[in-house]
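Chain by chain, the residues run as shown.
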Amino acid sequence: MEFIAHIDIMPLDALLDPQGKAVSSSMKNLGLEEITNVRIGKHITLQVSASSKDEAEARVDDACKRLLANQIMEKYRFELEETASV
Amino acid sequence: MKFGVIVFPGSNCDHDLIYVLSEILGNDVVELWHKDKDLKGVDFVMVPGGFSYGDYLRSGAIARFSPVMESVIDHCNQGGYAMGICNGFQILCEAGLLPGTLLHNTQHKFICKNLYLKPATRSTIVTSSLDSDRVLKIPVAHGEGRYYAPDDILRQLNENQQVIFRYCDQEGHFNSKANPNGSLENIAGVTNAGKNVFGMMPHPERAADKLLGNEDGKLIFKSILNSFVGA
């Protein structure tokens, strides 16, 4: 089975996100004062082959833990989408 | 004493380190290519600054999985010495050899200038020969140097004297104004629990040659050398 994983990696809530803060303040300049608390992370997609959805989930989780996210500063979540095998 | 300086694609302070350690301080120095696993019998591994692998994903995240790093991890786990400067510090944190991590500077700008720091402990070979009251002027050049560790880790670092350098002002006072990047408690450098792995954001190798008008950085390397001679 083939899956595409859609992974979101975000800075931990407790940590200052300078990029998000700068974008938040520029919202005011656009006249969009109602938009606040912008936080910026990463979106990663990848393809994974596995014999089941559970196995694919375990593989992607391993990739997130070991490389894609640094859990001292980031949190992650992902969704798997099954695609047609090539 | 034999030093090894790791060379990753994107390292740019490797030759500064090699020059200081060999030409100025008279040690044997070998380059360690990131694809090799052989540490060539070095006593001390230096992980230089730069932008290894273009800082892709996170600074140091990809370099940490280079073949040479497997050997560096084994070397350190057996008590061998290693020190990372700037990007090297980020790599050693990503490798789990040093506690904590380095986040984007608070103001999200790359900072490249001379700063002041003081040793926070003399219980490590990197700081044992330094004068605790002497302010060192050392340049920094980083965009991601905001040291962060969760509360429990930070407490351990303080209790075990694992903070090796803190940013201070020219007079030697630790205060928020002297903190260039938002690092927790002005931390500029740390060591691991075994005190055989070190990391610091400032660049002592850029302040170790008389010709450059600042030799404060040389004192740090000399501290390491003195410890080995004394051993």
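As a reminder, the structure under discussion sits directly above these lines.
The present account deals with the structure reproduced in this document. This is a predicted model, so every value here is computed, not measured. (Residues numbered from 1 in each chain as written. Chains lettered and ligands numbered in written order. Predicted model: local features only at pLDDT ≥ 70, side-chain atom pairs only at ≥ 80, totals over all residues. Heavy atoms only, no water.)

**Regarding the sheet that holds strand β9 (residues 163–168) of chain B**
Residues and elements named next belong to chain B.
Then, number 1: Strands sit in the order β2-β1-β3-β4-β11-β10-β9-β6-β7 across an open sheet of nine strands; the sheet is mixed. Of all strands in the sheet, those with a lone pairing partner are β2 (28–33) and β7 (136–142), marking the two edges. Along the sheet, successive strands turn relative to each other by an average axial angle of 25 degrees, direction set aside.
Then, number 2: Where β9 meets strand β10 (residues 187–191), three bridges bridge the pair, whose relative direction is antiparallel. Paired with V163 across the strands is V190, a residue of β10. (Pairing = 2+ DSSP bridges. Helix = DSSP H or I, 4+ residues; strand = E, 2+ residues; numbered from the N terminus. Axes fitted to C-alpha atoms, helices over the stretch in contact; angles between N-to-C directions.)

**Re the sheet that holds strand β2 (residues 42–49) of chain A**
Residues and elements named next belong to chain A.
Then, number 1: Read from one edge of the open sheet, three strands run β2-β1-β3, paired in antiparallel fashion. At either margin of the open sheet sits one strand with a lone partner, and together these are β2 and β3 (74–83). Across the sheet, the mean angle from the axis of one strand to that of its neighbour is 20 degrees, orientation sign disregarded.
Then, number 2: Direction of pairing for strand β1 (residues 2–11) relative to β3: antiparallel, over a ladder of 10 bridges. Residue pairing for β3: P11 is matched across the bridge by E74.

**Examining the interface of chain A and chain B**
Then, number 1: Contact with chain A, which involves 14 residues of that partner, is made by 16 residues of chain B.
Then, number 2: Across the interface of chain A and chain B, roughly 1,300 Å² is buried in total on both sides, 67% from carbon and sulfur atoms.
Then, number 3: In terms of surface lost to chain B, no three residues of chain A exceed P18(A), L67(A) and I72(A), which account for 39% of the buried area on that side.
Then, number 4: E74(A) serves as the salt-bridge partner of R58(B), at 3.6 Å between the closest nitrogen and oxygen.
Then, number 5: Taken together, the links from chain A to chain B amount to six residue pairs in polar contact (both at pLDDT 80 or more).
Then, number 6: Of all the secondary-structure elements, those providing two or more residues to the side of chain A that touches chain B are α1 (18–29), β2 and α2 (53–68) of chain A.
Then, number 7: Looking at which element gives the most residues to the side of chain A that touches chain B, the answer is α2(A), with three residues.
Then, number 8: Of the residues assigned to the side of chain A that touches chain B, the class counts are nine nonpolar, two polar and three charged. (Contact = heavy atoms within 4.5 Å. Buried area = accessible area lost by both parts, 1.4 Å probe. Salt bridge = Lys/Arg side-chain N within 4 Å of Asp/Glu carboxyl O. Polar contact = N/O pair within 3.5 Å; in protein donor to acceptor, adjacent residues only side chain to side chain. Nonpolar A, V, L, I, M, F, W, Y, C, P; charged D, E, K, R; others polar.)

**Structural notes on the side chain of D216(B)**
Then, number 1: Mapped onto the elements, D216(B) comes out in helix α5 (residues 216–230).
Then, number 2: In contact with D216(B), other than residues within four places in its own chain, are R134(B), V135(B), L136(B), K137(B), I138(B) and A207(B).

**Things to note about helix α1 (residues 14–24) of chain B**
Residue and element names in this part refer to chain B.
Then, number 1: All of the buried residues in α1 are D14, L17, I18, V20 and L21. Taken around the axis of α1, the buried residues stretch over an arc of 165 degrees, which confines them to a single face.
Then, number 2: Downstream of α1 by one or two residues, G26 has phi in the positive range, about 70 degrees. (Buried < 20%, exposed > 50% of the residue type's maximum accessible area, 1.4 Å probe, protein only. Arc of directions from axis to C-beta.)

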